[in-house]
Amino acid sequence: MTRERADAARNRAKILAVAAGIVATRGIDGLAMADVAAASGVGVGTLYRRFGDRSGLAYALIDAKEREFQEAFLAGPPPLGPGAPPGERVRAFLHALTDRTFAQLDLLLMAETAGPYARFGGAYEAYHRHLALLIGQARPEADAAFTADALLAPLTANLVSHRGRTPAELKAGFDGLLTGLFPG
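Residues numbered from 1 in each chain as written. Predicted model: local features only at pLDDT ≥ 70, side-chain atom pairs only at ≥ 80, totals over all residues. Heavy atoms only, no water.

Participant: Just give me the short version of the pattern of salt bridges, but keep the residues and values in it.
Facilitator: Going through the model one piece at a time under the given rule, you end up with eight salt bridges. A salt bridge links Asp-7 to Arg-5, with the shortest nitrogen-to-oxygen separation between them at 2.9 Å. On the basis of relative accessibility, which here comes to 56%, the residue Arg-5 falls in the exposed class. Two residues, Arg-91 and Asp-175, come together in a salt bridge whose shortest N-O distance is 3.0 Å. Separated by 84 residues along the polypeptide, Arg-91 in helix H5 (residues 86-103) and Asp-175 in helix H10 (residues 167-181) bring together distant segments of the chain. (Salt bridge = Lys/Arg side-chain N within 4 Å of Asp/Glu carboxyl O. Buried < 20%, exposed > 50% of the residue type's maximum accessible area, 1.4 Å probe, protein only. Helix = DSSP H or I, 4+ residues; strand = E, 2+ residues; numbered from the N terminus.)

Given below as structure tokens:
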């Protein structure tokens, strides 16, 4: 694995800070590659080479929060992290993922709709494996892979946006499903 040059790392940090500021003040629709390049002092070509397009830039903005979230469910304290029973971990995971989805909904909408399979990249696979493992531990007779997909489906960014449910409503819905999946 090659290390990023120090100047490239500084430029990347500056670009992401500028892009985050634009999203915070103008929303995702105000995120224009030319504006980000100008405000961060890099050429537009550099920005496109580095991130590809707006959805690539959105993914880069999502990345830091995603790393924190994955660290929390893989190695953080229970019930989200190891040490709690599988059903409790699944509930904590879905509640935390709901909060995570709402915190970056506009960015996730852009990133998840960049192509037909954009949603099913690295983060989705990590979530799916995590849930399937926990479901399999608690319910070996269940189709853990299908159940994991079914639990992740309501948190698709475009469905969250389309349905307009609140985080509390989604969490309550998950709690109802989980009562049937992990009784007692």
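Participant: If you had to explain the environment of Lys-171 to someone new, which residues and values would you point to?
Facilitator: Locating Lys-171 in the fold gives a position in helix H10. Relative accessible area serves as the criterion here: at 19%, Lys-171 is assigned to the buried category. Considering only alpha carbons, one finds Lys-171 and Ala-92, 79 residues apart in sequence, at a separation of 9.8 Å. Here Lys-171 is in contact with His-95, Thr-98 and Asp-99, once residues within four sequence places are set aside. Reaching out from Lys-171, the side chain makes a polar contact with the side chain of Asp-99 at a distance of 2.8 Å. (Contact = heavy atoms within 4.5 Å. Polar contact = N/O pair within 3.5 Å; in protein donor to acceptor, adjacent residues only side chain to side chain.)

Participant: Give a description of the packing of helix H1 (residues 6-26) against helix H4 (residues 54-75) that names residues and reports values.
Facilitator: Where H1 contacts H4, the two axes come as close as 10 Å, and the packing angle between them is 95°. Judged by the inter-axis angle, H1 sits roughly perpendicular to H4. On H4, the residues touching Arg-12, Ile-15, Leu-16, Ala-19, Ala-20 and Val-23 of H1 are Leu-57, Ala-60 and Leu-61. Looking at side-chain class alone, the contact of H1 with H4 contains eight nonpolar, no polar and one charged residues. (Axes fitted to C-alpha atoms, helices over the stretch in contact; angles between N-to-C directions. Parallel < 35°, antiparallel > 145°, perpendicular 65-115°, else oblique. Nonpolar A, V, L, I, M, F, W, Y, C, P; charged D, E, K, R; others polar.)

Keep in mind these numbers describe shape, not what the thing actually does.
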